[in-house]
Amino acid sequence: MGIEEKLPSGVLLTSVEQLAGYVRKSSLWPATFGLACCAIEMMATGAGRYDLARFGMEVFRASPRQADLMIVAGRVSQKMAPVLRQIYDQMADPKWVLAMGVCASSGGMFNNYAIVQGVDHVVPVDIYLPGCPPRPEQLMDAIIKLHEIISNTTLGPNREAVIKEVEKAALNARPTIQLGNFPLEGTHA
């Protein structure tokens, strides 16, 4: 004996959070930030064969003020990190970041001073996409998983505090290159 039984058919019942989540996930506008070979796969995903248009993402935005999803595709150098952060700061809230490829996620095979060992030391990352380079199908799967995250995002006054706390924790994390070498079990240091 709920309210659903008393309403005529065709009336939609939902919460404001669910409606906002649906609208946000259905209107993602990605920013172009292709840095290396993963960018070729990102471009292929936007082409006709894989067709990101069915997710409402057919146009990659050149201006960060028009975008709410940053796909970091490829390795990030130390010189590019401040530019990446500036573009992230210029994006409108709410915003999401997808680290595409092993180089963006953890530095990949470039374990040296010139490459940032994970883009999460520069901007907070919502989805990590492994692979070298990841296939367009993998990128589309990651976008679908990001849609689920966006749909379940809560609204309210504490949301900004939680986002800032998560971002601060990510930026204060030690880079993997500074973690040190730990001896394997059964060996003596």
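Residues numbered from 1 in each chain as written. Predicted model: local features only at pLDDT ≥ 70, side-chain atom pairs only at ≥ 80, totals over all residues. Heavy atoms only, no water.

All right, on to the overall build of the protein chain then. For the protein chain, the helix and strand inventory stands at seven helices and four strands. Scanning the protein chain from its N terminus toward the C terminus, one meets helices and strands in the order α-α-β-α-β-α-β-α-β-α-α. Out of the 189 residues belonging to the protein chain, those deemed buried represent 35%. In the protein chain, once contacts between residues fewer than 6 apart in sequence are set aside, the share between residues at least 24 apart is 76%. Accessible surface, the protein chain: about 11500 Å² in total, of which carbon and sulfur atoms supply 57%. (Helix = DSSP H or I, 4+ residues; strand = E, 2+ residues; numbered from the N terminus. Buried < 20%, exposed > 50% of the residue type's maximum accessible area, 1.4 Å probe, protein only. Contact = heavy atoms within 4.5 Å. Areas by Shrake-Rupley, 256 points an atom, 1.4 Å probe, with all protein chains shown as cover.)

Quick look at the pattern of salt bridges now. Overall, the coordinates contain five salt bridges when judged by the stated rule. The residue Asp89 makes a salt bridge to Arg85 at a minimum N-O spacing of 3.2 Å. Placement of the pair is Asp89 and Arg85 together in helix α4 (residues 81–90), with a separation of four residues, close to one helical turn. Salt bridges sharing common partners tie together Glu41, Arg135 and Glu137. (Salt bridge = Lys/Arg side-chain N within 4 Å of Asp/Glu carboxyl O.)

This part is about the side chain of Asp120. Mapping Asp120 onto the fold places it in the loop between α5 (102–106) and β4 (127–129). One buried charge, Asp120, has no salt-bridge partner; the nearest side chain with opposite charge is Arg85, at 11 Å. Separated by 3.0 Å, the side chains of Asp120 and Tyr128 make a polar contact. If sequence neighbours within four positions are ignored, Asp120 has contacts with Val125, Tyr128, Ala170 and Leu171. (Lys, Arg positive; Asp, Glu negative; His and termini not counted. Polar contact = N/O pair within 3.5 Å; in protein donor to acceptor, adjacent residues only side chain to side chain.)

This brings us to the packing of helix α3 (residues 38–46) against helix α6 (residues 136–151). The N-to-C vectors of α3 and α6 enclose an angle of 75°; their axes lie 9 Å apart at closest approach. When the axes of α3 and α6 are compared, the pair comes out roughly perpendicular. Contacts from Glu41, Met42, Ala44 and Thr45 of α3 reach α6 at Pro136, Leu139 and Met140. Along the lines of polarity and charge, the residues of the contact of α3 with α6 split into five nonpolar, one polar and one charged. (Axes fitted to C-alpha atoms, helices over the stretch in contact; angles between N-to-C directions. Parallel < 35°, antiparallel > 145°, perpendicular 65-115°, else oblique. Nonpolar A, V, L, I, M, F, W, Y, C, P; charged D, E, K, R; others polar.)

Another aspect to go through is the packing of helix α2 (residues 16–25) against α6. With their axes 8 Å apart at the nearest point, α2 and α6 run at an angle of 150° to one another. Taken together, the axes of α2 and α6 lie roughly antiparallel to each other. Here α2 and α6 pass one another in a crossing that is right-handed. Facing α2, whose interface residues are Gly21, Arg24 and Lys25, α6 presents His147, Ile150 and Ser151. (Left-handed = near helix turned anticlockwise from the far one by under 90°.)

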